[in-house]
Each structure stands twice: as C-alpha cells, then as structure tokens.
Amino acid sequence: MVEPLKSIGRTCAAWSGILFSCLWIAPVVIAQGLTDPTRPPASIRSGQEGAHQPANSGPVLQSVLISEGRKVAIISGQTVRLGEKFGGAKVVKITESAVTLSGANGVQTLKLFPGVEKDMASNRKHPQADSRRQ
C-alpha cells in the first residue's frame, strides 16, 4: 500500500515541476515578440548621423509635442515647429496625431500611428441598453 502512494507522489511532483516551468517561461516567450514603443530610431542607436533609409520610405512622424505656447513635431529625427520647413515642405498644421506638410509636391499628411484609424462613436444608444432599462 505504501509503494503505490510513493509512486503517485513522485508522478505528481514531476508534473508539478513541468507545469511550474511552463508557467514561468510563458511570459518570457510572449514578451520576446513585442517591440518597445519607446525605443529610439535605428539611426540614433547606431550613432550614425543620417543613417541610410529606404528611398521609398519617405518622412516619418515620430513624436508630437503640443503645449499652450508651442507646437513641435519630430519628423524622421528632425525637430520642426509649426511654420518651419522640413525638407522642401512647410509645416502648416500640427495636431496630436498628425502633421500636415505643404510643398511643391502638394499637401502631405504624416500620421503618428499610420495603421490606426480613429472612428467616432455614434450618438445613438445601444439597443440592448434600452431593453435592460425596461
């Protein structure tokens, strides 16, 4: 009777160790796929001035700073204020999520989060919310 209990105890201890290892390693493995949003651009990390960028990438809006008395944007590592020039284009508008440039090639809007579209919520109430109140 004592021998089967020892066997069960060893099996439980082994499975507990495996489970603990999986739970301890899982967050590390998941975090490896994430990029740090505060990480500086490659040109700054490598210490190279004007590091090579692909020709078709164009200017990239990296940050926007807005206060009561000033509006500043960082475009491809260069700090520009409202009204100043970036390359051959003039900065005509700075909002919290975009910068508009106007130049010989027309008007170009750079977005801080280019893959994200903001959709305004509708003003009408949710139909299920009305049915719950009744």
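Further up the page is the structure itself.
Definitions and cut-offs
- Residues numbered from 1 in each chain as written.
- Predicted model: local features only at pLDDT ≥ 70, side-chain atom pairs only at ≥ 80, totals over all residues.
- Heavy atoms only, no water.
- 1 Å grid on protein atoms, 1.4 Å probe; cavity = no way out; pocket = protein on both sides within 12 Å on 5 of 7 lines; lining within 4 Å.
- Points joined across faces, edges and corners; volume = space filled by probe spheres on them.
- Helix = DSSP H or I, 4+ residues; strand = E, 2+ residues; numbered from the N terminus.
- Contact = heavy atoms within 4.5 Å.
- Core = buried A, V, L, I, M, F, W, Y, C linked by side-chain atoms within 4.5 Å.
- Buried < 20%, exposed > 50% of the residue type's maximum accessible area, 1.4 Å probe, protein only.

Asker: Please explain the layout of surface pockets as it appears in this structure.
Answerer: Over the atoms, a rolled probe matching the size of one water molecule traces out where space is still vacant. For the largest pocket, the calculated volume is near 430 Å³. As for the largest pocket, its lining consists of 15 residues, and the residues nearest its centre are Pro37, Arg39, Pro40, Pro41 and Gln62. Top element by residues in the lining of the largest pocket is strand β1 (residues 61–66). It accounts for three residues.

Asker: Would you take a moment to explain the side chain of Thr100 for this structure?
Answerer: Within the element layout of this structure, Thr100 appears in strand β6 (residues 98–103). If near-sequence neighbours (up to four positions away) are discounted, Thr100 is found in contact with Lys90, Val91, Val92, Lys93, Val107, Gln108 and Thr109.

Asker: In this structure, what is going on with the nonpolar core? I would like to understand it.
Answerer: One recurring pattern in soluble globular proteins: nonpolar side chains tend to sit buried together. Grouped together as the largest cluster of nonpolar side chains are 13 residues, with contacts concentrated most on Leu61, Ala73, Ile75, Val99 and Leu101. Going through the elements one at a time, β1, β2 (71–75), β5 (89–94) and β6 are the ones with two or more residues in this core. For Ile75, the residues in contact, after removing those within four places along its chain, are Pro59, Val60, Leu61, Gln62, Val80, Phe86, Val99, Leu101 and Leu110.

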